[in-house]
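# Survey of secondary and tertiary structure
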Amino acid sequence: MMKKTASKKLTHLAIIMDGNGRWAQKRGLPRAMGHRAGVEALRRIVELCPGNQIEYLTVYAFSTENWKRPQTEVQALMALLNEFIDKELTLLHQNGVCIRVLGDIEPLAPSLRKKIDHAMAITAQNKKLVLSLALNYGGRRELLQAAKALAYRALKGENPENWQEDDLAAELFTKGMPEPDLLIRTGGDLRVSNFLLWQIAYTELWCTDIFWPDFGEEELMAALAAFKGRQRRFGGV
Ligand code: FPP
């Protein structure tokens, strides 16, 4: 098990970007406009990460449950992802951002998948910031997949008695990444919503009523200041 020491360094920030729909409704706009504004907010936060020594940013872009939304909204989200890669990839790459995906992108349109694969391939060596997009992601599904991977290893002859927590962690989408130090949730709800269930065991939580499209530098600074004030004991005293 990786040794945890009490630390105030915020290396990995995770965000549940909630409230896009309500932000749009409040303005009498279609929900898709809220997601569009949400992409703008994401861009702002990506730009702020390196200056704040954040090396990993992981955002919940589309959950395994989001397929239940009206088809038009699902299509709008997919179109935004397409547009995001088309418009931002060059700049992200120039700025040293490595793009990763957490989740199973198999059910996405082949053309979008190709675009995502290309974005991951060309940015794979970038070191400034690892931007992980959780796409068709669910924490339970990720754990089930890891359990299956371990089961297959056992069938091939490995002895499960030799496995430690790190062996399971190495079967998750987040393989090789540090665990999130802080999880921000916008939009007023106080729940984890099947996001990074294993990885957030010791993560500090910070929730705000602000809708995601309204989240900017001021809110990020407030969250970072709150994090600095927390005592992280990782189960110790
Ligand atoms: C939650 O708001 C947000 C989502 C389901 C998607 C988040 C997506 C983005 C910010 C943009 C897409 C991302 C990329 C990388 C292109 P909600 O619709 O649940 O809001 P509500 O709770 O007010 O209805």
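## Here's the deal with the site of the ligand
- Taken together, 21 residues surround the ligand, and among them Asp 18, Gly 21, Arg 22, Arg 31 and Arg 69 come closest.
- The separation between an oxygen atom of the ligand and a polar side-chain atom of Arg 31 is 2.9 Å.
- Within the complex, the protein chains bury 92% of what would otherwise be the 620 Å² of accessible surface of the ligand.
- Assessed atom by atom at 2 Å from the grid points, the ligand resides in the largest pocket.
- Broken down by secondary-structure element, the contributors of at least two residues to the shell around the ligand are helix 1 (20-26), helix 2 (31-48), strand 2 (56-63) and helix 3 (71-94).
- Among the residues forming the shell around the ligand, the class breakdown is ten nonpolar, six polar and five charged.

## Observations concerning empty space enclosed by the protein
- The full count for this structure, using the stated rule, is two cavities of 30 Å³ or more.
- Looking at the largest cavity, its volume works out to about 50 Å³.
- Lining the largest cavity are Phe 84, Ile 85, Leu 89, Leu 92, Ile 99, Val 101, Ile 116, Ala 119 and Leu 133.
- Sort the elements by how many residues they give to the lining of the largest cavity and helix 3 lands first, with four residues.
- Classifying every residue of the lining of the largest cavity gives nine nonpolar, no polar and no charged.
- Of the pockets and cavities examined, the second largest cavity occupies roughly 30 Å³.
- Taken together, Gly 103, Asp 104, Asn 136, Tyr 137, Gly 138, Arg 141, Glu 142, Gln 145 and Phe 173 form the lining of the second largest cavity.
- Broken down by secondary-structure element, the contributors of at least two residues to the lining of the second largest cavity are strand 4 (129-137) and helix 5 (139-155).
- Taken together, the residues that form the lining of the second largest cavity break down as two nonpolar, four polar and three charged.

## Looking at the layout of surface pockets
- Taken as a whole, the largest pocket holds about 740 Å³ of empty space.
- Every element with two or more residues in the lining of the largest pocket is listed here: helix 1, helix 2, strand 2, helix 3 and strand 4.
- Within the lining of the largest pocket, the residues separate by chemical class into 15 nonpolar, nine polar and seven charged.

## What to know about the packing of aromatic side chains
- What the rule picks out here adds up to seven aromatic pairs.
- Aromatic side chains Phe 62 and Trp 67 sit 4.9 Å apart centroid to centroid with 75 degrees between the ring planes, which places their arrangement in the edge-to-face category.
- Taken together, Tyr 60, Tyr 137, Phe 173 and Phe 195 form an aromatic cluster joined through their ring pairs.

## Side note on the pattern of salt bridges
- In this structure the tally under the stated criterion is 17 salt bridges.
- Residue Arg 153 pairs with Glu 171 through a salt bridge whose shortest N-O separation is 2.6 Å. Of this pair, Arg 153 sits in helix 5 while Glu 171 sits in the loop between helix 6 (165-169) and strand 5 (182-185); the two residues are 18 residues apart in sequence, bridging distant segments of the chain.
- Between Glu 204 and Arg 230 there is a salt bridge, with its nearest N and O atoms 2.8 Å apart. One end of the pair, Glu 204, is in strand 6 (residues 204-207); the other, Arg 230, is in the segment after helix 7 (217-228), with 26 residues separating them in the sequence.
- A relative accessible area of 14% places Glu 204 in the buried class.
- If you follow the salt bridges from partner to partner, you end up with Arg 153, Glu 158, Asp 167 and Glu 171 in one network.

So, how was this worked out
Residues numbered from 1 in each chain as written. Predicted model: local features only at pLDDT ≥ 70, side-chain atom pairs only at ≥ 80, totals over all residues. Heavy atoms only, no water. Near = heavy atom within 4 Å. Polar contact = N/O pair within 3.5 Å; in protein donor to acceptor, adjacent residues only side chain to side chain. Areas by Shrake-Rupley, 256 points an atom, 1.4 Å probe, with all protein chains shown as cover. 1 Å grid on protein atoms, 1.4 Å probe; cavity = no way out; pocket = protein on both sides within 12 Å on 5 of 7 lines; lining within 4 Å. Sits in = over half its atoms within 2 Å of the grid points. Helix = DSSP H or I, 4+ residues; strand = E, 2+ residues; numbered from the N terminus. Nonpolar A, V, L, I, M, F, W, Y, C, P; charged D, E, K, R; others polar. Points joined across faces, edges and corners; volume = space filled by probe spheres on them. Phe/Tyr/Trp six-rings, centres within 6.5 Å; stacked < 30°, edge-to-face > 60°. Salt bridge = Lys/Arg side-chain N within 4 Å of Asp/Glu carboxyl O. Buried < 20%, exposed > 50% of the residue type's maximum accessible area, 1.4 Å probe, protein only.

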